[in-house]
Amino acid sequence: MASKTIARPTMPVASEDNAQDPADLLENTLSQLEALLWVCHGEGIDWHNGEGPRQLDNLLWLAADMARKAGELFQLNEKARRAAPETGG
């Protein structure tokens, strides 16, 4: 049986402005969601054999993606905060 192909970016994506195929984005999100649900099931997961290593890799990928997006949101927030006029009160 063939293993699944995961459509990951070869390099970290600097921002969501980069055009990426919606099918690839959907496949990425579904792979990450599957890994998250796998962890939620919890009991009896063998992280060293079978599907375990792939799911762990996808889970770490999800965490890295979320950290990158949070960093981008923080930068956008700081930029907007600095541009907003201060209100006296």
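Residues numbered from 1 in each chain as written. Predicted model: local features only at pLDDT ≥ 70, side-chain atom pairs only at ≥ 80, totals over all residues. Heavy atoms only, no water.

**So, a nonpolar patch on the surface**
Here's step 1: Judged by side-chain polarity, Leu 26, Leu 30, Leu 33, Leu 36 and Leu 37 come together as a nonpolar surface patch covering roughly 460 Å² of accessible area.
Here's step 2: Summarising the element assignment, Leu 36 is placed in helix 1 (residues 22–41).
Here's step 3: Since its relative accessible area comes to 36%, Leu 36 is described here as partly exposed. (Patch = residues over 30% accessible without salt bridge, like charges linked within 9 Å, V, L, I, M, F, W, Y side chains within 5 Å. Areas by Shrake-Rupley, 256 points an atom, 1.4 Å probe, with all protein chains shown as cover. Salt bridge = Lys/Arg side-chain N within 4 Å of Asp/Glu carboxyl O. Helix = DSSP H or I, 4+ residues; strand = E, 2+ residues; numbered from the N terminus. Buried < 20%, exposed > 50% of the residue type's maximum accessible area, 1.4 Å probe, protein only.)

**Re helix 1**
Here's step 1: Between its first and last C-alpha, helix 1 extends 28 Å over 20 residues, near the 28 Å set by a 1.5 Å rise per residue.
Here's step 2: Those residues of helix 1 that fall on the buried side of the exposure criterion are Asn 28, Ser 31, Gln 32 and Ala 35. Looking down the long axis of helix 1, one finds its buried residues gathered within 90° of arc, a one-sided arrangement. In helix 1, the exposed residues that point more than 90 degrees away from the buried face are Pro 22, Leu 26, Leu 37, Cys 40 and His 41.
Here's step 3: Tucked inside the fold, the buried residues of helix 1 contact helix 2 (52–83). (Expected span 1.5 Å × (residues − 1). Arc of directions from axis to C-beta. Contact = heavy atoms within 4.5 Å.)

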